[in-house]
Amino acid sequence: MAGLLEAGAFFVPLVLFLVVIVNYMNSHGFEEFLRKYVFSIIVFVPLLITWGDLEFPFWLSSAHLLSSVLSLYDDNEEQSYDEDFKEKSQFFHGIINRPHQMVLFSFTGVILLGTFLLLLPVSSIDGKGMTFSDALFMATSATCVTGLSTLSIATKFSLFGQMVILFLIQIGGLSIMTLYSLSAILLGKSMGLKDRITMQGLLDVSSLEDLFIIIVDIVKYTFLIELWGGIVLTIGFTFEGFEFGQALYYGFFHAISAFCNAGFSLFETSLESYATKPLINGTIVILVFLGGLGFIVMKEIQEVVRSGKSIVRLGLHTKVVVTTTVLLTITGFLFIFFGEFLNALDHFTLFEKFQVALFQSVTLRTAGFNTIPLTNLNNYTLYAMTLFMFIGGSPGSTAGGIKSTTLAILVQSIKSTLKSEKDVIVFGRKIPGQLVVRATALTFISILFTSFFILVMMKLEPEQEFLPLFFEVISAGGTVGLSLGITPQLTLMGKFAISALMLVGRIGPLTLMLAIGQKSMGSGKIDYPDGRIMIG
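All values derive from a computational prediction rather than experimental measurement.

Asker: I'm lost on the overall build of the chain in this one. Help?
Answerer: Secondary structure assignment for the chain yields 23 helices and 2 strands. When each of the 536 residues of the chain is scored for burial, the buried share is 51%. In the chain, the share of contacts with a sequence separation of at least 24, taken over all contacts with a separation of at least 6, comes to 70%.

Right, dumping it as structure tokens:
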């Protein structure tokens, strides 16, 4: 690892120098070059001065990488390229002009940035750094707000390393595209047409005005809720005997991790030591629940509460999300409460059993915290938990999974089929057929991806039993973060496989398929005659 860092410290300035030269050659003048690539020059000069240093190049090159990722969105000015350059860059422009591919490459870029930062010796307590596979795994888990860890956050990572993890969690929770859009708004910079279309599709809004409002609201809700959670948790940890400074740090770290549904904890056993502390686990439950609802839902509920309108005035999406979320939470609670009443919950009082069961039911919505050792649970309870993890949270939230609305549409579709009804009706509204097909496709593709990775992990990890591997794959694919303890024992290829699965789970398997297979628009539509096939 030391040799790799030394080689990187030597070659980083050379690579950046080539980047500067290429950017200058592709610019239409020195003024345009300074305007668009001045940051590269600013980074290159100190790199040249400190050539050979082990840490400084990684700091600056990581900042330059983030700047390069953000610059992919900057297409507001018209650019004229000669035909030869257009042909050579056709593939690249095809990537950055397609929303699904931009989402994929944005998350990949942030993961690489986080990996470089975690590889720095300063990120580890012992100052010796960590392996590339562990750095990549932890960066992916944090960016994809999963929570699986091959290394202990508390004992392996320094304060700097923990802050990198927290930084990646926050970016992953908000998504880099939301942060980019916010920065454009704050700087008074107009968003390009491509960016508007991308964000309007991701946030399901129709107008530019609504897009700007929802982006600002997303950031506002995020930081206000995390601020509230951090303050309450700080009080809770203070009551537990922590000094104020440590309680403050622990409080805000867990508040951000909980609201972003990441599940990272600064304690070796997650929150098992606070299973019966209502102020702490109750706050975590609220943060996880709100993070899993989605920003659009929270905004609409807030408007209804402020205006004093009836709940029936809520939109269809909000009604489906709230109803499905509450039903899933209650169902999970009852299953854990009665399934483990005389087993894992046996030594708790009745009220404590209620707390633990509710906490674990809520965290199945892709949060990843636990207040009891999962290895103590019955096998049927663990299997039931994987079903809830596979479903996940709601669209537009920080949670993963196939989403609660997808489940609701599938259930209503099955109900309509059994009743021989032509349309799928939810709360008195007809669901478009295209949306039903999309929900079915998403579920089927998710099952295929999950099954494939289960087979892969069984091949890569022959020493592990089936249930822990099955649980691990579902947890990674749903970006949950719960584990039966096998994550630190994964082989090199096993870490890479789970890292890839976490990325797939964060951006969504359907988005990944569209990013890989999406073709350029322009081909004409063809209407084919109907055909009939026997099924069932």
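Asker: Help me understand unusual backbone geometry in this model?
Answerer: Excluding glycine, a negative phi dihedral is what most residues carry, and trans is how most peptide bonds are arranged. Non-glycine residue N261 carries a positive phi angle of around 60°. Look at S270: it is not a glycine, yet its phi comes out positive at around 55°. Considering the arrangement of structural elements, one finds S270 in the loop between α13 (244–259) and α14 (278–293). For S270, a relative accessible area of 10% puts it in the buried group.

Asker: I'm lost on the packing of aromatic side chains in this one. Help?
Answerer: When we look at a pair of aromatic rings, we describe it by the centre distance and by the angle of the planes. In the structure shown here, the tally under the stated rule is 19 aromatic pairs. When the centroid spacing of 6.2 Å and the interplanar angle of 65° are considered together, the rings of Y249 and Y250 count as edge-to-face. A relative accessible area of 15% means that Y250 is categorised as buried. Ring centres of F337 and F338 lie 5.1 Å apart, and the angle between their planes is 85°; on these two criteria the pair is classed as edge-to-face. An aromatic cluster of at least three residues, connected via ring pairs, comprises F237, F242, Y249, Y250, F253, F267 and Y274.

Asker: Looking at this model, I keep getting lost on the pattern of salt bridges. Mind explaining?
Answerer: If the charged atoms of two oppositely charged side chains come close together, the side chains can form a pair. Taken as a whole, this structure holds 5 salt bridges when the rule is applied. Between D134 and K495 there is a salt bridge whose closest N-O contact spans 2.8 Å. On the criterion of sequence distance, the pair formed by D134 in helix α7 (residues 132–143) and K495 in helix α22 (residues 492–507) is long-range, its members being 361 residues apart. Exposure remark for D134: the relative accessible area of 9% places this residue in the buried category.

Asker: Is there a simple way to explain helix α18 (residues 379–391) in this structure?
Answerer: Given 3.6 residues per helical turn, the α-helix brings residues three or four places apart onto the same face. For α18, with 13 residues, the first-to-last C-alpha span of 19 Å sits near the 18 Å given by 1.5 Å per residue. Here α18 has its buried residues at T381, L382, A384, M385, T386, F388, M389, F390 and I391. Looking at the buried residues of α18, the elements they touch are α16 (316–339), α17 (350–363), α19 (404–418), α20 (433–460) and α21 (466–477).

Asker: Would you mind going over α13 with me for this structure?
Answerer: For α13, with 16 residues, the first-to-last C-alpha span of 22 Å sits near the 22 Å given by 1.5 Å per residue. Along α13, the residues classified as buried are A247, Y250, G251, F253, H254, A255, I256, S257, A258 and F259. Positioned one or two residues after α13, N261 has a phi angle of 60°, which is positive.

Asker: Got a minute to help me understand the packing of α7 against helix α9 (residues 159–174) in this structure?
Answerer: Each packed pair of helices is defined by two parameters, the angle between the axes and the distance between the axes. Interaxial distance between α7 and α9 falls to 7 Å at its minimum, and their mutual angle equals 40°. Put simply, α7 runs oblique to α9. Between α7 and α9, the contacting residues are M138, A139, A142 and T143 on the first element and I165, L168, I169 and G172 on the second. Taken together, the residues of the contact of α7 with α9 sort by class into 6 nonpolar, 2 polar and no charged.

Asker: Explain the nonpolar core here, please?
Answerer: By size, the foremost hydrophobic cluster in this structure holds 107 residues, and its most contacted members are L118, I165, I169, F237 and F264. Apart from the residues lying within four places of it in its own chain, the contact partners of I169 are A142, V145, I256, S257, C260, A262 and F264. Among the nonpolar cores identified, the runner-up in size contains 8 residues, and V320, A408, I409 and V426 belong to it.

Asker: Help me out: how do you make sense of the side chain of E461 in this one?
Answerer: Locating E461 in the fold gives a position in the loop between α20 and α21. Buried within the structure, E461 lacks any salt-bridge partner; its nearest side chain of opposite charge belongs to K495, at an N-O separation of 8.7 Å. Setting aside chain neighbours within four positions, we find E461 in contact with L469, Q489, L490, T491 and G494.

Asker: Whenever I open this one, a nonpolar patch on the surface confuses me. Can you help?
Answerer: Residues L224, L227, I231, I235, F239 and L279 make up a contiguous nonpolar surface patch of about 580 Å² in total accessible area. When residues of the nonpolar patch are assigned to their parent elements, the largest contribution, 5 residues, is made by helix α12 (residues 208–239). Here F239 shows up in helix α12. Overall, F239 belongs to the exposed group, its relative accessible area being 64%.

How each quantity is defined
- Here the residue numbering is sequential within each chain, running from 1 through the sequence in written order.
- With pLDDT at 70 or above as the cut-off, local features in this predicted model cover only qualifying residues; side-chain atom pairs require 80 or more to be listed or tallied, and sums for whole chains, interfaces and linings still use all residues.
- Hydrogens and waters are ignored; side-chain quantities use all the structure's heavy atoms.
- Each helix is a run of H or I in the DSSP string that is no shorter than four residues. Each strand is a run of E no shorter than two, and both are numbered from the N terminus.
- Any residue under 20% of the maximum accessible area for its type is buried, any over 50% is exposed, and the rest in between are partly exposed; the area is computed with a 1.4 Å probe on protein chains only.
- Note on definitions: a residue-residue contact is assigned when non-hydrogen atoms from the two residues lie within 4.5 Å.
- By convention, a stacked pair of Phe, Tyr or Trp rings (six-membered ring in the case of Trp) has centres within 6.5 Å and planes under 30 degrees apart, an edge-to-face pair has planes over 60 apart, and any other such pair is tilted.
- By definition, a salt bridge exists where a carboxyl oxygen of Asp or Glu is found within 4 Å of a side-chain nitrogen of Lys or Arg.
- A helix is expected to reach a length of 1.5 Å times the quantity of its residues less one.
- Under this scheme, a helix contributes an axis fitted over its contacting stretch, all axes are lines through C-alpha atoms, and angles between N-to-C directions fall in the 0 to 180 degree range.
- Note that the term roughly parallel is reserved for angles under 35 degrees, roughly antiparallel for angles over 145, roughly perpendicular for angles of 65 to 115, and oblique for everything else.
- When residues are grouped by polarity, Ala, Val, Leu, Ile, Met, Phe, Trp, Tyr, Cys and Pro land in nonpolar, Asp, Glu, Lys and Arg in charged, and all others, Gly among them, in polar.
- We call a set of buried Ala, Val, Leu, Ile, Met, Phe, Trp, Tyr and Cys residues a nonpolar core when their side-chain atoms join them within 4.5 Å.
- Counted as positive: Lys and Arg. Counted as negative: Asp and Glu, with His and the chain ends omitted from the count.
- Here a patch means residues that are over 30% exposed by relative accessible area and free of salt bridges, tied together within 9 Å if like-charged and within 5 Å if nonpolar (Val, Leu, Ile, Met, Phe, Trp, Tyr).
- Per-residue and other accessible areas were derived by the Shrake-Rupley procedure at a 1.4 Å probe size, with only the shown protein chains allowed to occlude residues.

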